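Chains, contacts and geometry: an overview
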Amino acid sequence: MKKEPTKDAYNEYVEEITPTANVWLNCLKAFITGGIICTLGQIIKNLILYYTTISEMQAGLWVTIILVFLSVLLTGLNVYPSIANWGGAGALVPITGFANSVAAPAIEFQKEGQVFGIGVKIFTIAGPVILYGIFSSFIAGLLYWIGMLMGWVH
């Protein structure tokens, strides 16, 4: 008859195989990665403003477009996952991480076809973010409109 492992033995086993994380080192890596992404964005913005006559707001929009493009390109070249693995939240929180989360499933499941591969899988991660972003924006706008009608907001 086989003896069942005890709960304590199982907990000890889980502690043995669970990797330990250095929180301060992870925070430093995230800070460095996010800082590099932001610095790159600022350099792009400065170059756009220096070499063109567009407004600062339009330059900011172009920076967003360029950073999203670079993120998708690096995802397609299988470089961005390594950056995100090293930098953690520093690579995943900015808009570049959102672009990566949309592009990665599309690339991974493209072999399953346009509809059932890319079409279905592209929004597996980004879909809830878009849904709840739109929903919360609607609620905030509704509350703002009610506040204006009631005279609470000017």
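Residues numbered from 1 in each chain as written. Predicted model: local features only at pLDDT ≥ 70, side-chain atom pairs only at ≥ 80, totals over all residues. Heavy atoms only, no water.

**Description of the overall build of the protein chain**
Heads up, the rule is: Strands are runs of DSSP state E lasting at least 2 residues, helices are runs of H or I lasting at least 4, and numbering of each runs from the N terminus. In this treatment the radius of gyration is a C-alpha quantity, and the globule benchmark scales as 2.2 Å times the residue count to the 0.38 power. Exposure categories follow from relative accessible area, calculated using a 1.4 Å probe and restricted to protein chains: below 20% of the type maximum is buried, above 50% is exposed, and the middle band is partly exposed. Residues count as neighbours in contact if any of their non-hydrogen atoms are within 4.5 Å of one another.
Along the protein chain, the regular secondary structure elements total eight helices and zero strands. Along the chain direction, N to C, the helices and strands of the protein chain fall in the order α-α-α-α-α-α-α-α. Taking 154 residues into account, the globule formula puts the C-alpha radius of gyration at 15 Å, and the protein chain, at 22 Å, lies well above it. Its C-alpha atoms put the protein chain at 80 × 50 × 40 Å along the principal axes. For the protein chain, with 154 residues in total, the buried portion stands at 20%. In the protein chain, once contacts between residues fewer than 6 apart in sequence are set aside, the share between residues at least 24 apart is 47%.

**Quick look at the packing of aromatic side chains**
Going by this rule: The criterion for an aromatic pair is that two Phe, Tyr or Trp rings (for Trp, the six-membered ring) have centres within 6.5 Å, with stacked assigned to planes under 30 degrees apart, edge-to-face to planes over 60 apart and tilted to the rest.
All chains considered together, the criterion is met by one aromatic pair. Judged by centre distance (4.9 Å) and plane angle (90°), the ring pair of Tyr50 and Tyr51 falls under edge-to-face. Residue classification places Tyr50 among the exposed positions, given a relative accessible area of 66%. Residue classification places Tyr51 among the exposed residues on the basis of a relative accessible area of 62%.

**Quick word on a negative patch on the surface**
To keep it simple, the criterion reads: To count toward a patch, a residue needs a relative accessible area above 30% and no salt bridge. Like charges then connect within 9 Å, nonpolar side chains (Val, Leu, Ile, Met, Phe, Trp, Tyr) within 5 Å. Only the protein chains shown count as covering a residue, and every accessible area follows the Shrake-Rupley method with a 1.4 Å probe. Salt bridges are defined by distance alone: a side-chain nitrogen of Lys or Arg within 4 Å of a carboxyl oxygen of Asp or Glu. Positive: Lys, Arg. Negative: Asp, Glu. His and the chain ends are not part of the count. For charged residues, the charge sits on one atom: NZ in Lys, CZ in Arg, CG in Asp, CD in Glu.
On the surface, Asp8, Glu12, Glu15 and Glu16 cluster together to form a negatively charged patch. Mapped onto the elements, Glu16 comes out in helix α1 (residues 7-17). A relative accessible area of 65% means that Glu16 is categorised as exposed.

**Thoughts on the nonpolar core**
Nonpolar side chains tend to gather and get buried jointly when the protein is soluble and globular. Note the threshold: By nonpolar core is meant a set of buried Ala, Val, Leu, Ile, Met, Phe, Trp, Tyr and Cys residues that side-chain atoms within 4.5 Å join together.
One finds Ile44, Ile48, Ala59, Val63 and Leu67 forming the largest nonpolar core, which totals five residues. Contributions of two or more residues to this core are made by α2 (23-51) and α3 (56-76).

**Considerations on the packing of α3 against helix α6 (residues 95-108)**
Selection rule: In this analysis, axes come from line fits to C-alpha atoms, helices being fitted only over the stretch in contact, and the angle between any two N-to-C directions falls in the range 0 to 180 degrees. Convention used here: angles under 35 degrees read as roughly parallel, angles over 145 as roughly antiparallel, angles from 65 to 115 as roughly perpendicular, and any remaining angle as oblique. For a crossing to be left-handed, the near helix must be turned anticlockwise from the far one by less than a right angle; the clockwise case is right-handed. Charged residues are taken to be Asp, Glu, Lys and Arg, nonpolar residues to be Ala, Val, Leu, Ile, Met, Phe, Trp, Tyr, Cys and Pro, and polar residues to be all remaining types, Gly included.
Axis separation between α3 and α6 bottoms out at 8 Å; the angle between their running directions is 40°. By the angle between their directions, the pair α3 and α6 is classed as oblique. For the element pair α3 and α6, the recorded crossing hand is right-handed. For the pair α3 and α6, the contacting residues are Thr64, Leu67, Val68, Ser71, Val72, Thr75 and Gly76 in the first and Ile95, Thr96, Ala99, Asn100, Ala103, Ala104 and Ile107 in the second. In terms of residue class, the contact of α3 with α6 is made up of eight nonpolar, six polar and no charged.

**Considerations on α3**
Note the following rule: One less than the number of residues in a helix, times 1.5 Å, gives the span that helix is expected to have. What the arc covers is the set of directions going from the helix axis to the C-beta atoms.
With 21 residues, α3 should reach 30 Å at 1.5 Å per residue; the first-to-last C-alpha distance of 30 Å fits that figure. Within α3, burial applies to Ala59, Val63, Leu67, Ser71 and Thr75. Buried residues in α3, looked at end-on, bunch into an arc of 145°, giving them a common side. Along α3, exposed side chains directed more than 90 degrees from the buried face belong to Leu61 and Phe69. On the buried face of α3, the contacting elements are α2, α4 (80-87) and α6. Where α3 terminates, the next one or two residues include Asn78, which has phi positive at roughly 65°.

**Regarding the side chain of Thr96**
Structurally, Thr96 can be placed in helix α6. In this structure Thr96 comes out as buried when scored by relative accessible area, which is 4%.

**Section: the confidence of the model for the protein chain**
Test applied: Every residue gets a pLDDT, meaning the predictor's confidence in that residue, from 0 to 100.
Looking at the protein chain, pLDDT values average 88 and 94% of them are 70 or higher. Element-level mean pLDDT values for the protein chain span from 70 in helix α7 (residues 114-121) up to 96 in α2.

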